[in-house]
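So the chains spell out like this:
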Amino acid sequence: IQSDVPREYAGSVQVETKNGAIRLEEMKQLAQVGCHARNGAVRLAGCCVQALAIEARNGAVKLEDCETGSLAVQAFNGAVHLQRCAGGSAKVQGHNGAVRLTGCRLLELGSQNGAIQMQESGPADCIRLLNKNGSITAEILDKEEAYSIDTHTANGRCTPPTCLRPNADKTLYAHTVNGRV
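Residues numbered from 1 in each chain as written. Predicted model: local features only at pLDDT ≥ 70, side-chain atom pairs only at ≥ 80, totals over all residues. Heavy atoms only, no water.

Caption draft 1: Structural view of the overall build of the protein chain. Of regular secondary structure, the protein chain possesses 0 helices and 16 strands. The C-alpha atoms of the protein chain give a radius of gyration of 17 Å, which matches the 16 Å a tight globule of 181 residues would have. Projected onto its principal axes, the C-alpha coordinates of the protein chain cover approximately 50 × 30 × 20 Å. Restricting to contacts in the protein chain with at least 6 residues of sequence separation, those with at least 24 account for 13%. Total accessible area on the protein chain is roughly 9,300 Å²; 46% of this is exposed by carbon and sulfur atoms. (Helix = DSSP H or I, 4+ residues; strand = E, 2+ residues; numbered from the N terminus. Rg over C-alpha atoms; globule rule 2.2 N^0.38 Å. Contact = heavy atoms within 4.5 Å. Areas by Shrake-Rupley, 256 points an atom, 1.4 Å probe, with all protein chains shown as cover.)

Structure, rendered in structure tokens:
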């Protein structure tokens, strides 16, 4: 099923699908968007949304060039990839799939049984990267000295090690159980 919504639409959108994909492109004035997909991918490109909530089961989530006031993503058995996204509060959770950000300014990422990778991202006042059974890699576009860094792993290596700076304006918190940081 395909539903064409005018690009100038400024209301809310709620989309749910089983065995199909969800795709929104170039919608710049959306208030609230909820996407729930089972056995299908969710993809947003070039959208501006005040509040965006995505839940995907058995499918990937991909956001490109999106701005959000608040973002909540939960993906089960599928990868999450965000490229050039910005916004206010953000919580991205992956379960049994990798979480990857490129060129984003988002705050909180979590994963279970998949790697977390941030490239060319930040800066942000507080970056939280939480993982179980996967590595954490972060390339933040800011000076290391600007952050109080709290890293931990039970089974792996941390580079850089924890370096708490009481005078730092920003915080990087990266913890995993089984994997390197």
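Caption draft 2: Looking closely at the side chain of Lys 170. Take Lys 170: it is sitting in strand 16 (residues 170-178). Relative accessible area serves as the criterion here: at 17%, Lys 170 is assigned to the buried category. A distance of 2.5 Å separates the side chain of Lys 170 from the side chain of Asp 142, its partner in a polar contact. When sequence neighbours within four positions are dropped, the list of residues in contact with Lys 170 reads Pro 123, Ala 124, Asp 125, Asp 142, Ala 146, Tyr 147 and Ser 148. (Buried < 20%, exposed > 50% of the residue type's maximum accessible area, 1.4 Å probe, protein only. Polar contact = N/O pair within 3.5 Å; in protein donor to acceptor, adjacent residues only side chain to side chain.)

Caption draft 3: Representation of the pattern of salt bridges in the model. Counted according to the given criterion, the structure contains 7 salt bridges. The salt bridge partner of Glu 26 is Lys 28, with a shortest N-O separation of 3.5 Å. A single network of salt bridges, built from pairs that share partners, joins Arg 23, Glu 25, Arg 43 and Glu 64. (Salt bridge = Lys/Arg side-chain N within 4 Å of Asp/Glu carboxyl O.)

Caption draft 4: Seen up close, the sheet that holds strand 11 (residues 108-112). Taken in spatial order, the 9 strands make up an open sheet running 1-3-5-7-9-11-13-16-15, and their pairing is parallel. With one partner strand each, in any of the chains shown, strand 1 (13-18) and strand 15 (147-155) form the two edges of the open sheet. Within this sheet the neighbouring strands show an average axis-to-axis angle of 5°, counted without direction. Examined bridge by bridge, strand 5 (residues 48-57) and strand 7 (residues 67-76) share 9 bridges and lie parallel to one another. Counterpart to Ala 51 in the pairing with strand 7 is Ser 70. (Pairing = 2+ DSSP bridges. Axes fitted to C-alpha atoms, helices over the stretch in contact; angles between N-to-C directions.)

Caption draft 5: Here's a closer look at the sheet that holds strand 4 (residues 42-45). Taken in spatial order, the 7 strands make up an open sheet running 2-4-6-8-10-12-14, and their pairing is parallel. A single partner strand is all that each edge strand has here, and the edge strands are strand 2 (22-25) and strand 14 (136-140). The mean inter-strand angle of the sheet, taken between neighbouring strand axes irrespective of direction, is 5°. One ladder, built from 4 bridges, connects strand 12 (residues 116-121) with strand 14; its direction is parallel. Its bridge partner lying in strand 14, Ile 116 is registered against Ile 136.

Caption draft 6: Region of the structure containing the packing of aromatic side chains. The tally for this structure, following the rule as stated, stands at 0 aromatic pairs. Above the face of the Tyr 173 ring, Arg 128 is positioned so that its terminal group lies 4.5 Å from the ring centre. (Phe/Tyr/Trp six-rings, centres within 6.5 Å; stacked < 30°, edge-to-face > 60°. Lys NZ or Arg CZ within 6 Å of the ring centre and 35° of its normal.)

Caption draft 7: Local environment of unusual backbone geometry. Here the bond from Thr 159 into Pro 160 is cis, since omega is 0°, no more than 30 degrees from zero. Tracing the chain through its elements places Pro 160 in the loop between strand 15 and strand 16. Of note in this structure, Asp 65 is not a glycine but carries a positive phi near 50°. Here Asp 65 is to be found in the loop between strand 6 (61-64) and strand 7. Taking the relative accessible area as the measure of exposure, Asp 65 reaches 39% and is therefore partly exposed.

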